[in-house]
Amino acid sequence: MQGDELLYVGLDGHLVPLELLERYNLPIKVQEELLRGVAQERGPIRELVILGTCHRFELYAVGEGITPCQLAEALHHPPIRQIQHPFRLLRNLEAVQHLFQVSAGLNSPVLGESEILGQVREAYKRARALGTVGPYLSRAFEQALQVGKEVRHQTQLGSGPTSLGALAARILNRYAEINPFRVIVLGAGQIATSAALALDPRFQIVVINRSPERGEALAQRVGGQYAPLELLPELLPSAQALIAAVSAPHPVVQAEWLRPGSWVIDLELPRNVEAVPPGVTLYTLDRLQDLARKLLAEREGARQEAEALVAHHLQRFAEWLASRQATPHIRALREGAWNLLLEEVKRLPPPEQEAALRAGRRTLNKLLHAPTLRLRKGDPEALSWISEFFPELP
């Protein structure tokens, strides 16, 4: 693996318009096809994980001196083959640091977001199953998942709303006491579930979903009712609020179905709601992100604690990487020193050679202990120092 680099190429909802992000909202089946292609071609991309959510599109790739252009060509997908500004590019430890921050919920629209850790886990699991995860990404993602767990258990970053769904519920819950109106939750996936569970139970909650099993199960959990997707146009005019979080390639809610004076919270990309008529209050991911920023100051101390955990794990990864990269140098150092010892021992009378080898081996182990440790820690001066004192090394 000597010479391999880890390359991150990504779009972040913090930095780009949602309209651009929608172009890269690839269905899971498409992601799997791209991963299979990389695994079968065995080209310059040795490892690859695709992390796609409603708020980010990220590629983590490993190869020897790979460039964004090589990565784009290897994936054979029209939008990806146009990798350019405003894609963000990071390499090696900067890429790993970003991954750790994502898993910790530090790079989410809602600080401390809970769903992202599961999304990172699923992306890693999918790539591993399709054969595009090797030693570098395996180490990086396993450690990223550990970072996420520690942040959520050892800090207060997860206090308050920790997901888009919970933030959506918070917007509506302030009205529950004075007017427990009907709220339709469209979808029964992770985001929709987090929203439904966070809603005030005084609301009249109706869960609408394609799958009756999942929809009925969620409705039962929140003390609400289930309705099939076909009834959405009929039920929406009687609802004061809609939380939309269903995965679909096109909008599923038409403007004429919406009740004047109602709230619509669209948590998906591509968007579930095509447009809203006058008098309807719309919250998109952009607007929710503005609300999330206001919560940031309340949890500044927890954010600093989370950043410290990220830094600790990044140092551990750097040490692992340095140790891995140092292995060929350490092997050459020990083999070269051992060959020098053998040459000197051969000059001795045969009866003395065995004892000399034993004594020489002990001495070499002691002499090489310190430089070996320095190499494993990634000391930039260690290799030049060793070359100076052991010029016979290749």
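Presented here is a report on the structure given in the accompanying data block.

**Some thoughts on the packing of aromatic side chains**
All told, the structure shown has eight aromatic pairs when counted by the stated rule. Seen in terms of ring centroids, Phe-181 and Trp-263 are 5.6 Å apart; in terms of plane orientation they differ by 25°. Their pairing is stacked. Taken together, the positions of Phe-181 in the loop between helix H7 (164–173) and strand E5 (182–186) and Trp-263 in strand E9 (residues 263–266) put the pair 82 residues apart, joining distant regions of the chain. When its relative accessible area of 15% is taken as the criterion, Trp-263 is described as buried.

**Quick word on the layout of surface pockets**
In this model, the largest pocket occupies a volume close to 1000 Å³. Around the largest pocket, the lining comprises 35 residues; the ones closest to its centre are Ile-28, Gly-52, Val-246, Ser-247 and Glu-268. For the lining of the largest pocket, the elements supplying multiple residues, two or more each, are helix H2 (28–41), strand E2 (47–53), helix H5 (115–129) and helix H8 (190–198). For the lining of the largest pocket, the element with the most residues is H5, which contributes five residues. Its residues assigned to classes, the lining of the largest pocket shows 16 nonpolar, 12 polar and seven charged.

**Let's talk about the packing of helix H4 (residues 92–104) against helix H6 (residues 135–154)**
Two numbers describe how H4 lies on H6: the axes approach to 8 Å, and their chain directions differ by 40°. Comparing their axes, H6 and H4 come out oblique. Crossing handedness for the pair H4 and H6: right-handed. Across the interface between the two elements, Leu-99, Phe-100, Ser-103 and Ala-104 from H4 touch Ala-140, Phe-141, Gln-143, Ala-144, Leu-145, Val-147, Gly-148, Val-151 and Arg-152 from H6. Considered class by class, the residues forming the contact of H4 with H6 number nine nonpolar, three polar and one charged.

**Some remarks on H4**
The end-to-end C-alpha separation of H4 is 19 Å, in line with the 18 Å expected for 13 residues at 1.5 Å each. Of the residues making up H4, those classed as buried are Ala-95, Val-96, His-98, Leu-99, Phe-100, Gln-101, Val-102, Ser-103 and Ala-104. Positive phi appears at Gly-105, one or two residues downstream of H4, with a value of about 85°.

**What to know about the nonpolar core**
The biggest cluster of nonpolar side chains holds 97 residues, and the ones touching the most others in it are Leu-48 and Tyr-60. Core analysis: the next-biggest nonpolar cluster, separate from the first, contains 18 residues, Ile-208, Leu-236, Ala-244 and Leu-258 among them.

**Side note on the sheet that holds strand E4 (residues 88–91)**
Spatial strand order, E2-E3-E1-E4: four strands in an open sheet with antiparallel pairing. On the outer flanks of this sheet lie E2 and E4, each paired with one strand and no other. When strand polarity is set aside, the average angle formed by the axes of neighbouring strands in this sheet is 15°. By the bridge criterion, seven bridges tie E2 to strand E3 (residues 56–64) in an arrangement that is antiparallel.

**Examining the pattern of salt bridges**
A full pass over the atoms with the stated rule returns nine salt bridges. The partner of Arg-46 in a salt bridge is Asp-4, and the shortest N-O contact between them spans 2.3 Å. Here Arg-46, found in the loop between H2 and E2, pairs with Asp-4, found in strand E1 (residues 4–12); they are 42 residues apart in sequence, far enough to count as distant. Judged by its relative accessible area of 5%, Asp-4 falls in the buried class. The salt bridge partner of Glu-354 is Arg-358, with a shortest N-O separation of 3.1 Å. With Glu-354 and Arg-358 both in helix H13 (residues 350–376), this residue pair falls four residues apart, about one helical turn. Accessibility expressed as a relative area gives 56% for Glu-354, which makes it exposed. Ionic contacts of the salt-bridge type, sharing partners, join the residues Asp-4, Arg-46 and Glu-64 into one network.

About the thresholds
Residues numbered from 1 in each chain as written. Predicted model: local features only at pLDDT ≥ 70, side-chain atom pairs only at ≥ 80, totals over all residues. Heavy atoms only, no water. Phe/Tyr/Trp six-rings, centres within 6.5 Å; stacked < 30°, edge-to-face > 60°. Helix = DSSP H or I, 4+ residues; strand = E, 2+ residues; numbered from the N terminus. Buried < 20%, exposed > 50% of the residue type's maximum accessible area, 1.4 Å probe, protein only. 1 Å grid on protein atoms, 1.4 Å probe; cavity = no way out; pocket = protein on both sides within 12 Å on 5 of 7 lines; lining within 4 Å. Points joined across faces, edges and corners; volume = space filled by probe spheres on them. Nonpolar A, V, L, I, M, F, W, Y, C, P; charged D, E, K, R; others polar. Axes fitted to C-alpha atoms, helices over the stretch in contact; angles between N-to-C directions. Parallel < 35°, antiparallel > 145°, perpendicular 65-115°, else oblique. Left-handed = near helix turned anticlockwise from the far one by under 90°. Contact = heavy atoms within 4.5 Å. Expected span 1.5 Å × (residues − 1). Core = buried A, V, L, I, M, F, W, Y, C linked by side-chain atoms within 4.5 Å. Pairing = 2+ DSSP bridges. Salt bridge = Lys/Arg side-chain N within 4 Å of Asp/Glu carboxyl O.

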